[in-house]
Amino acid sequence: MFEDIPVDVSPMYEGERIRSANMFVELAGPKSMGAELVQVEEDVEDGKIEVIGPELDAMNEGDIHPLGVLIEIQGEHLEKELEGVIERRTHELCNYVKGFMHLNQRDAIWCRVSKEALEAGFKLEHLGKTLSILFKEEFPLIESIAISILTEPAKVEEFVSRAQEEYKKRDSRARELSDEDVDVFYGCVMCQSFAPTHVCVVTPDRTALCGAINWFDCRAAAKMDPEGPIFEIEKGDILDDVKGEYTNVNSVVMEKSQGTVERVFLHSVFEYPHTSCGCFEAVAFYIPELDGIGIVDRDFSGETPLGIPFSAMAGQCSGGKQVEGFTGLSLEYMRSPKFLQADGGFERIVWLPKEIKDSLDDYIPEAIRDKIATEENGSTIKEIRSFLEEKGHPILERIKTTSSEVPEEEVTVEEETPEAWGETELEGLPMAPVAYAPELTVPSSGGVKIIFKNAKVYAEKVIIKKK
Ligand code: SF4
C-alpha cells in the first residue's frame with residue numbers, strides 16, 4: 001500500500017521526536033505560521049496530491065518554512081460536523097510517517113522532517129499520499145480525498161486566514177448550547193497513545209482542551225463510529241452543578257483512565273480538576289501567594305508568575321495527570337459562561353497574556369477587564385500584587401474576607417512586618433494548600449529516595465517577606 005513511499009509508515013513511529021541535531025527542516029511552528037484544515041466538499045478529485053511552493057529538496061538544512069495542509073473529502077454520508085474530528089486525526093496519522101514529526105493542531109501545528117527521511121528521498125508529496133491512504137482507511141465514509149500541501153509563504157498566509165474563519169464558525173456553533181440543555185456529554189481518549197490516563201470530557205460548555213473538538217463534533221463522531229475513541233457519556237445525577245460533577249461522568253472517567261482518576265470537576269482547578277494530556281491550548285494555574293488563578297497559552301514565550309514558562313508548566317501537568325491547582329484548557333472554554341465558575345470565573349483570574357486578554361474582550365466582564373494583569377503590567381508576584389491593588393481587583397476583597405474569618409487571637413503579626421502587600425503574614429486561612437508539586441523529591445539517608453506524587457503542602461502560617 002505504501003510501496004511508493006520511501007520511508008516506513010506505521011503507528012509504531014507515533015511519539016518519534018526529531019531533535020534539532022537530527023532535523024532537516026522545520027515547518028510551521030512558533031517561528032513561522034501554518035494550519036491544517038479538513039473540508040467536506042461536493043466534488044473532489046480522488047487521489048489528487050498537490051504541493052504548492054518549495055518541495056523539501058528545494059529547502060536548505062535548518063530552514064524554517066510555513067506550512068498549510070488542506071484535506072478535501074467527499075462522501076455520501078459525510079457530514080460537515082465531522083470535519084473537526086477528522087481534522088484532529090491529522091496529528092496522529094502524520095506521525096505514522098518515520099522521520100516526520102507533527103505537534104498540536106489547527107493553526108498551532110509545528111512539524112519537523114528528519115535528515116534521514118530526506119536522505120531516503122522523502123518529499124512532502126509523499127506525506128500527502130500517505131495521508132490520503134490513511135484517512136480513507138480510518139474513515140470508510142470518505143469516498144474521495146484530495147490533499148494540498150502549501151509552503152509558498154503568501155499562499156500559506158491566505159490559507160491560515162481561511163482556516164481561522166472556519167475554526168471560528170465551528171466554535172461559535174458550540175456556543176448555542178449549554179450543559180443543562182443536554183443529557184449526554186462525550187468522552188475522547190484519542191490522546192491516550194501518549195497520555196494513557198487522560199480522558200477528555202467534552203460538554204457544550206467545555207470544548208476539548210486541544211481546542212479542536214466541540215460537543216457537536218463529538219456527537220457526529222460517536223454516531224459515525226460508536227466503537228471509536230469518541231463516545232457518549234450519559235451525565236447521570238448532578239453531584240455539584242457549579243463545580244460540574246456528575247455521577248456517570250465520574251464512573252466513565254474512572255473506567256477509561258484505568259482506575260486512575262476517580263472524580264472530575266469540569267469547572268474548577270481545585271480538588272479534582274480535568275486531566276491534561278499535552279495538546280491543551282492553555283493552562284490555568286493557581287498562584288497561592290495571590291490566591292488567584294493565572295492562565296498561560298502555548299504561544300506565550302515569557303515566564304509566568306510561577307517563574308517558569310509554558311513549556312515547563314506543561315511538562316509538570318501533562319501526560320494524563322490530574323494535578324490539583326492546574327488544568328489544561330482550550331481558549332474557547334474561556335468564552336463559556338461556565339469558565340472555572342466554581343473558582344469565581346474571571347473574578348479569580350489575576351494574570352494572563354495580553355494577546356489572550358485582548359482576544360477575550362467581549363467575554364471578560366467589563367467590571368473586571370482592566371483589573372486583570374498581563375505581562376505588560378508585571379510577571380513577578382510583587383509586580384502583579386501592586387497592579388491588583390492599584391486597580392482594586394476583587395481578589396483583594398476575597399483575601400480580606402478569608403482572613404477576617406480567622407478568630408483574632410489566632411492571627412499573629414510580627415512587629416517588623418509591614419502591612420503592605422509583599423510583606424504580609426497570613427495565618428489560619430482556610431485549609432487550602434499553599435503549594436502544589438506534581439512530584440516532590442525529599443533527600444533522605446539510608447540509600448533511599450522518597451518521592452511524593454501530586455504533593456500538596458499545607459501550612460499553619462505563611463510569611464511573605466520583602467527580599
Ligand atoms: Fe481528544 Fe482531548 Fe486529545 Fe482533543 S485533547 S484529541 S478531545 S483526547
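Residues numbered from 1 in each chain as written. Predicted model: local features only at pLDDT ≥ 70, side-chain atom pairs only at ≥ 80, totals over all residues. Heavy atoms only, no water.

Examining the overall build of the protein
This is how the line gets drawn: A helix here means a DSSP run of H or I that spans at least four residues, while a strand means a run of E at least two residues long, and both kinds are numbered starting from the N terminus. Burial classification: accessible surface area is computed with a 1.4 Å probe over protein chains only, and a residue below 20% of its type maximum counts as buried, one above 50% as exposed, and the rest as partly exposed. For the accessible areas, the method is Shrake-Rupley and the probe is 1.4 Å, while residue cover comes only from the protein chains on display.
For the protein, the count of helices and strands is eleven helices and 21 strands. Residues classed as buried in the protein amount to 52% of the 467 residues present. When the accessible surface of the protein is summed, it comes to about 21300 Å², and 48% of that surface belongs to carbon and sulfur atoms.

A closer look at the site of the ligand
Basically, it comes down to this: Definition of nearness: a residue and a molecule or strand are near each other if at least one heavy atom of the residue lies within 4 Å of the molecule or strand. Any residue outside Ala, Val, Leu, Ile, Met, Phe, Trp, Tyr, Cys, Pro, Asp, Glu, Lys and Arg is labelled polar, Gly included; the first ten of those are nonpolar and the last four are charged.
With respect to spatial proximity, the complete set of residues near the ligand consists of R88, C188, M190, C191, H198, C200, A208, L209, C210, I213 and C277. Taken together, the residues that form the shell around the ligand break down as nine nonpolar, one polar and one charged.

Considerations on the pattern of salt bridges
As a reminder, the rule being used: Put simply, a salt bridge is a Lys or Arg side-chain nitrogen that is within 4 Å of an Asp or Glu carboxyl oxygen.
Evaluation of the coordinates by the stated rule reveals 25 salt bridges. Its salt-bridge partner being R112, residue E26 comes within 2.9 Å of it at the nearest N-O pair. Taken together, the residues span a long stretch of sequence, with E26 in strand β1 (residues 23–28) and R112 in strand β7 (residues 110–114) at a distance of 86 residues. Just as E26 is buried, R112 falls in that class too. The salt bridge involving R398 is made with D291; its shortest N-O contact spans 3.1 Å.

Considerations on the side chain of R106
Where we set the bar: Here a polar contact is recorded for every N or O atom pair within 3.5 Å, except that within protein the pair must consist of a potential hydrogen donor and a potential acceptor, and residues adjacent in sequence are included only if both atoms are side-chain atoms. Residues are treated as being in contact if the distance between any of their heavy atoms lies within 4.5 Å.
By secondary structure assignment, the location of R106 is in the loop between β6 (100–103) and β7. Of the polar contacts made by the side chain of R106, one reaches the side chain of D171; its length is 3.2 Å. Here G211 takes part through its backbone oxygen, which lies 3.1 Å from a polar atom of the side chain of R106. With residues near it in sequence (within four places) discarded, R106 still touches G34, A35, E36, E87, Y167, R170, D171, G211 and A212.

What about the environment of E79?
Summarising the element assignment, E79 is placed in the loop between β5 (67–74) and α1 (83–94). Residue class for E79 comes out partly exposed when judged on its relative accessible area of 29%. Separated by 38 residues in the primary sequence, E79 and E41 have C-alpha atoms spaced 9.8 Å apart. Excluding anything up to four places from it in sequence, E79 contacts V40, A220 and K223. A polar atom in the side chain of E79 sits 3.1 Å from the side chain of K223.

Focus on the sheet that holds strand β3 (residues 49–52)
As a reminder of what qualifies: At least two bridges found by DSSP between two strands are what make those strands a pair. Angles here are taken between N-to-C directions and fall from 0 to 180 degrees, while the axes themselves are lines fitted to C-alpha atoms, restricted in helices to the stretch in contact.
Ordered by their spatial adjacency, four strands build an open sheet running β2-β5-β8-β3, and the pairing between neighbours is mixed. Looking along the sheet, the strands with just one partner apiece sit at the ends: β2 (34–40) and β3. In this sheet, neighbouring strand axes are inclined to one another by 10° on average, regardless of whether the strands run parallel or antiparallel. Sitting on the sheet, helix α3 (residues 124–138) touches β3, β5 and β8 (144–150), and the angle it makes with β8 is about 150°. Lying over the sheet, helix α4 (residues 153–174) contacts β2, β3, β5 and β8, oriented at roughly 60° with respect to β2.

Concerning the packing of α1 against α3
Stated precisely, the cut-off is as follows: Roughly parallel here means an angle under 35 degrees, roughly antiparallel means over 145, roughly perpendicular means 65 to 115, and every remaining angle is called oblique. Note on convention: the crossing is left-handed when the near helix lies turned anticlockwise from the far helix by less than a right angle, right-handed when the turn is clockwise.
Orientation of α1 relative to α3, taken along the N-to-C sense of each, is 120°, at an axis distance of 10 Å. In terms of orientation, α1 lies oblique with respect to α3. The two elements α1 and α3 meet at a crossing, and its hand is right-handed. Contacts between α1 and α3 pair I86, R89, T90, L93 and C94 from the former with L127, L131, L134, F135 and E138 from the latter. Looking at the contact of α1 with α3 residue by residue, the class counts come to seven nonpolar, one polar and two charged.

Observations concerning the packing of aromatic side chains
Test applied: Paired rings are identified among Phe, Tyr and Trp, the last through its six-membered ring, by centres lying within 6.5 Å, and are further divided according to the angle between planes into stacked (under 30 degrees), edge-to-face (over 60) and tilted (the rest). A positively charged side chain is recorded as over a ring if its NZ (Lys) or CZ (Arg) lies within 6 Å of the ring centre. The angle to the ring normal must also be within 35 degrees.
Counted by the stated rule, this structure contains eleven aromatic pairs. Geometrically, the ring pair formed by F185 and Y246 is edge-to-face, given 5.1 Å between the ring centres and 90° between the ring planes. Of the two residues, F185 is situated in strand β9 (residues 184–188) and Y246 in strand β13 (residues 245–246); the sequence distance between them amounts to 61 residues. The pair formed by F185 and Y246 is uniform in burial state, with each residue classed as buried. When the ring of F280 is compared with that of F310, the centres are 6.0 Å apart and the planes differ by 70°; the resulting orientation is edge-to-face. Taken together, the residues F280 in the loop between α6 (247–256) and β14 (282–287) and F310 in helix α7 (residues 310–317) connect sequence positions 30 residues apart. Judged by its relative accessible area of 0%, F280 falls in the buried class. Every member of this aromatic cluster is reached through a ring pair, and the members are Y186, W215 and F216. One residue, R173, lies across the ring of F216, its end atom 4.0 Å from the ring centre. Here the guanidinium or amino end of R206 rests over the ring plane of Y333, the centre of that ring lying 4.9 Å away.

Side note on the nonpolar core
As a reminder of what qualifies: We define the nonpolar core as a collection of buried residues of types Ala, Val, Leu, Ile, Met, Phe, Trp, Tyr and Cys that are connected through side-chain atoms lying within 4.5 Å of one another.
Counting 59 residues, the largest nonpolar core has F185, I213, I230, V283, V296 and W351 as its most contacted members. Here this core gets five residues from one element, more than from any other, and that element is helix α5 (residues 215–224). With 39 residues, the next largest nonpolar core counts I5, C111, F122 and L134 among its residues.

Here's the deal with the sheet that holds β9
The strand order across the open sheet formed by three strands is β10-β9-β11, and the pairing between neighbours is antiparallel. Because the sheet does not close on itself, it has two edges, and the strands there are β10 (200–202) and β11 (230–234). Strand after strand, the sheet turns through a mean of 35° between neighbouring axes, direction not considered. Across five bridges, the pairing between β9 and β11 is antiparallel. Counterpart to Y186 in the pairing with β11 is E232. Across the face of the sheet, α6 comes into contact with β9, β10 and β11 while running at roughly 145° to β11.

Some remarks on the pairing of β9
Consecutive residues of a regular strand have side chains that alternate between opposite faces of the sheet. With five of its five residues buried, β9 lies for the most part within the structure. The side-chain alternation of β9 yields two buried faces, one formed by V184, Y186 and C188 and the other by F185 and G187. Note that β9 and β10 share three bridges and pair antiparallel. When the bridges of β10 are listed, C188 appears paired with C200.

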